[in-house]
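Observations on the three-dimensional arrangement
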Amino acid sequence: MSQDCDKSQCANCQSDCAERKVNFMENANSQSHIKKVIAIMSGKGGVGKSSMTSCIAVALKQKGYAVGILDGDITGPSIPKAFGVKQKAVGNGNGMDTVETQTGIRMMSANLILDTEDTPVIWRGPVIGNAVKQFWTDVAWGDLDVLLIDMPPGTGDVPLTVFQSIPVDGVVIVTTPQDLVSLIVKKSYHMAEKMSIPVCGIIENMSYMVCDDCGKKLYPFGESKLQKVADEMNIEVLAQLPIQPDIAELCDAGKIEQKDISFLNEAVEKLIQKINL
């Protein structure tokens, strides 16, 4: 540790000094009983990570699991909008209660505590990281089989705080089939590896589109190289999904729970097996 080091920032530091090698894990709220925690992660924005988080939650709920979503994208929260949730979160004396969707998926998001959903969050990185941590320590999640954490893109303050503070059981990486996929996936993979978090697999979103007239698969972003990348890192491709405009439309309308999620059944079954749910 250098003489200029500020020990108060250890939780957000990536140096390999001895002082950093301490346990930063936080206890969940006393009213939370959560079996498994899965982080949904992407190396860049615009890949549909939040919509995939929402769809995975709906799929798990339809299979009978008790599901929660922690919206970790503090500056760009979108989970409440996808489910049409406008109710504000309130305190209960021992923390803060979650807000439930129509089908009973529990959630916590910055948009549930802001004055309006378009109020900007103008905070520095450490403050944002602490807010995510408080969504774990101060929120009464109740009895959950799975808590999904919708991470912000990249490998910065929030992912680091999540991995150091919350007992994450696995990571699902969401990506798209552009040429940058190799670099982006590897960055996410190596961060999870350094933090000793298992990678459950990769979901490639917007992998192709299907022609309405002939049914042929078209590749607007070029044919996928994901399988080669996954093989190199020895991780599983959970799904390669087509472009589905109705997902964006339903999220914008707050009706993602009305989506037929059968397209994710195989991927979700693989995920359930990976985390021994």
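Structural data are supplied above this passage.
Right, let's walk through the structure included here. (Residues numbered from 1 in each chain as written. Predicted model: local features only at pLDDT ≥ 70, side-chain atom pairs only at ≥ 80, totals over all residues. Heavy atoms only, no water.)

Topic: the overall build of the chain
Test applied: The helix and strand labels rest on DSSP assignments: H or I over at least four residues marks a helix, E over at least two residues marks a strand, and numbering proceeds from the N terminus. Each radius of gyration is computed over the set of C-alpha atoms, and the globule rule expresses the reference value as 2.2 Å times the number of residues to the power 0.38. Relative accessible area decides the class of each residue, using a 1.4 Å probe on protein chains only: under 20% of the type maximum gives buried, over 50% gives exposed, and in between gives partly exposed. In what follows, a contact means two residues having at least one pair of non-hydrogen atoms within 4.5 Å.
The helix and strand inventory of the chain stands at eight helices and eleven strands. Taken over C-alpha atoms, the radius of gyration comes to 19 Å for the chain, in line with the 19 Å a tight globule of 277 residues would show. For the chain, the spread of C-alpha atoms along the principal axes amounts to about 65 × 40 × 35 Å. The proportion of buried residues among the 277 residues of the chain is 49%. Taking all contacts inside the chain whose residues are at least 6 apart in sequence as the whole, residues at least 24 apart take part in 78%.

Section: the pairing of strand S11 (residues 237–242)
Applicable threshold: Two strands are counted as paired when DSSP detects at least two bridges linking them.
Counting buried residues in S11 gives five out of six residues, a clear majority hidden from the surface. Pairing of strand S9 (residues 199–210) with S11, which is carried by four bridges, proceeds in the parallel orientation. By the bridge assignment, tyrosine 208 is partnered in S11 with proline 242.

Here we look at the packing of aromatic side chains
Two numbers describe a pair of aromatic rings. These are the distance of the centres and the angle of the planes. Here is the rule we go by: Centre distance within 6.5 Å is the pairing criterion for rings of Phe, Tyr and Trp, where only the six-membered ring of Trp is used; planes under 30 degrees apart are then read as stacked, over 60 as edge-to-face, and the remainder as tilted. Over a ring means this: the NZ of a Lys or the CZ of an Arg is within 6 Å of the ring centre and within 35 degrees of the ring normal.
Taken as a whole, this structure holds one aromatic pair when the rule is applied. When the ring centre of tyrosine 208 is taken as reference, the NZ or CZ atom of lysine 217 above it lies at 4.4 Å.

Topic: the side chain of aspartate 73
Rule in force here: A residue counts as positive if it is Lys or Arg and as negative if it is Asp or Glu; His and the chain ends are not included. Each reported salt bridge corresponds to a side-chain nitrogen of Lys or Arg within 4 Å of a carboxyl oxygen of Asp or Glu.
Structurally, aspartate 73 is set in the loop between strand S2 (67–71) and helix H2 (79–83). Among buried charged residues, aspartate 73 stands out as having no salt bridge; its nearest opposite-charge side chain is lysine 49, 4.6 Å away. Setting aside residues no more than four positions away along its own chain, aspartate 73 makes contact with Asp150, Pro152 and Pro153.

What about the pattern of salt bridges?
Applying the stated criterion across every chain, the model contains ten salt bridges. With a closest N to O distance of 3.1 Å, lysine 186 and glutamate 232 form a salt bridge. Of this pair, lysine 186 sits in helix H5 (residues 181–194) while glutamate 232 sits in helix H6 (residues 226–233), placing them 46 residues apart in sequence. Lysine 186 gets classed as partly exposed once you look at its relative accessible area, which sits at 27%. What emerges from the salt-bridge pattern is a single network uniting Glu236, Glu266, Lys270 and Lys274.

Focus on helix H3 (residues 125–137)
Under the convention used in this document: The span you would expect from a helix comes to 1.5 Å times its residue count less one.
In a regular helix each residue adds 1.5 Å, so 13 residues correspond to 18 Å; H3 covers 19 Å between its end C-alpha atoms and thus fits that length. Among all positions in H3, only Ile128, Gly129, Ala131, Val132, Lys133, Phe135, Trp136 and Thr137 are buried. Of the surrounding elements, those touching the buried residues of H3 are strand S1 (32–41), S2, strand S5 (106–108), strand S6 (139–140), strand S7 (142–150) and helix H4 (157–165).

Let's talk about unusual backbone geometry
With a phi close to 60°, serine 196 is a non-glycine residue in the positive phi region. Tracing the chain through its elements places serine 196 in the loop between H5 and S9. In the Ramachandran plot, asparagine 234 falls in the positive-phi region, its phi being about 60° despite a non-glycine side chain. Within the element layout of this structure, asparagine 234 appears in the loop between H6 and S11. Classification of asparagine 234 by relative accessible area gives exposed; the value is 70%.

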